[in-house]
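Letter by letter, the chains look like this.
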Amino acid sequence: MIFESSMQLWITHNGEREKLRFPVLPTKFDVTHGTKNTSVTISGLGEILVLQDRAAVEGSWDSFFPAAYFPGIQTPFMLASPDAMIQRLFEWKISAKPVHLILTGTRVNFYAAIQSLQPYRKGGEHGSMYYNIELTGYSEVSNRHGKASAPGTATVTSGSST
């Protein structure tokens, strides 16, 4: 029997051509929306907070790829062995291309780089592969070009780099 949930955890890669649905939802999924604010101490005023731009969103969780079916599994079948799934994540990590992280039923839907992937095994569970994964949000960089058309005037156009 397959455990049915409204949530599904996916990572896609290479323009959505490669997909991995995680067979077991994590018990805890962390998303951090931080800032790069800094504080400065000024004599006579005390500590002052200097507002900065937002930091990249970060996501992380611990879970496992089971070696055999059990009642909490999310997918009707496993496309590959636990070792092959970890290998695929490592390949995506070193590919220099972002992945697309999606947790359905939530607002978690962003492009990211896999910053850390730590697989490990637990004694007594032959074949299952546990892991910890950390991702950091990725944004396309766009550049602006300026062109002086006459003294005192300029035209600015936007472009994007890939």
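The coordinates are above.
In short, a report on the structure. (Residues numbered from 1 in each chain as written. Predicted model: local features only at pLDDT ≥ 70, side-chain atom pairs only at ≥ 80, totals over all residues. Heavy atoms only, no water.)

Time to look at the nonpolar core. Where a protein is soluble and globular, its nonpolar side chains tend to be buried together. Counting residues in hydrophobic clusters, the biggest one holds 24 residues, and the most contacted among them are Ile 11, Phe 22, Trp 61, Leu 89 and Ile 133. If you list the elements that add at least two residues to this core, you get strand E1 (9-13), strand E6 (58-65), helix H1 (82-93), strand E7 (99-103), strand E8 (109-120) and strand E9 (129-137). Ignoring sequence-local partners within four residues, the contact set of Ile 11 consists of Glu 18, Lys 19, Leu 20, Phe 22, Trp 61, Leu 89, Trp 92, Val 99, His 100, Leu 101, Ile 133 and Leu 135. (Core = buried A, V, L, I, M, F, W, Y, C linked by side-chain atoms within 4.5 Å. Buried < 20%, exposed > 50% of the residue type's maximum accessible area, 1.4 Å probe, protein only. Helix = DSSP H or I, 4+ residues; strand = E, 2+ residues; numbered from the N terminus. Contact = heavy atoms within 4.5 Å.)

The antiparallel open sheet is built from seven strands, whose spatial order is E2-E1-E7-E8-E9-E6-E3. Because the sheet does not close on itself, it has two edges, and the strands there are strand E2 (18-21) and strand E3 (29-32). Ignoring which end each strand starts from, the neighbouring axes of this sheet average 30° apart. Bridging between E7 and E8 involves four bridges; their strand directions are antiparallel. From the neighbouring strand, Ile 102 faces E8, where its bridge partner is Asn 109. Running over the sheet, H1 touches E1, E2, E6, E7, E8 and E9 and is turned about 125° from E8. (Pairing = 2+ DSSP bridges. Axes fitted to C-alpha atoms, helices over the stretch in contact; angles between N-to-C directions.)

Looking at the element boundaries, Ile 73 is found in the loop between E6 and H1. Looking at Ile 73, the relative accessible area reads 1%, which means it is buried. Spatially, the C-alpha atoms of Ile 73 and Pro 23 are 5.5 Å apart, while their sequence positions differ by 50 residues.

What follows covers a nonpolar patch on the surface. On the surface, a cluster of nonpolar side chains totalling about 370 Å² of accessible area is made up of Val 40, Ile 42, Leu 45, Ile 48 and Val 50. Elements represented by at least two residues in the nonpolar patch include exactly strand E4 (38-42) and strand E5 (46-50). One can find Ile 48 in strand E5. (Patch = residues over 30% accessible without salt bridge, like charges linked within 9 Å, V, L, I, M, F, W, Y side chains within 5 Å. Areas by Shrake-Rupley, 256 points an atom, 1.4 Å probe, with all protein chains shown as cover. Salt bridge = Lys/Arg side-chain N within 4 Å of Asp/Glu carboxyl O.)

What follows concerns the packing of aromatic side chains. For the structure shown, the criterion picks out eight aromatic pairs. Judged by centre distance (5.0 Å) and plane angle (20°), the ring pair of Phe 29 and Trp 61 falls under stacked. Of this pair, Phe 29 sits in strand E3 while Trp 61 sits in strand E6, and the two are 32 residues apart along the sequence. By the burial criterion, Phe 29 is buried, and Trp 61 matches it. Joined through ring pairs, the aromatic side chains of Phe 22, Phe 29, Trp 61, Phe 65 and Tyr 131 make up one cluster. (Phe/Tyr/Trp six-rings, centres within 6.5 Å; stacked < 30°, edge-to-face > 60°.)

Before going further, it helps to spend a moment on the pattern of salt bridges. Where charged atoms from two side chains of opposite charge come close, those side chains can pair. Overall, the coordinates contain two salt bridges when judged by the stated rule. With its nearest N and O atoms 3.7 Å apart, the salt bridge here joins Lys 28 to Asp 30. For Asp 30, a relative accessible area of 31% translates into the label partly exposed. For the salt bridge of Arg 121 with Asp 83, the shortest nitrogen-to-oxygen distance reads 2.5 Å. Of the two residues, Arg 121 sits in the loop between E8 and E9 while Asp 83 sits in helix H1, which places them 38 residues apart along the sequence.

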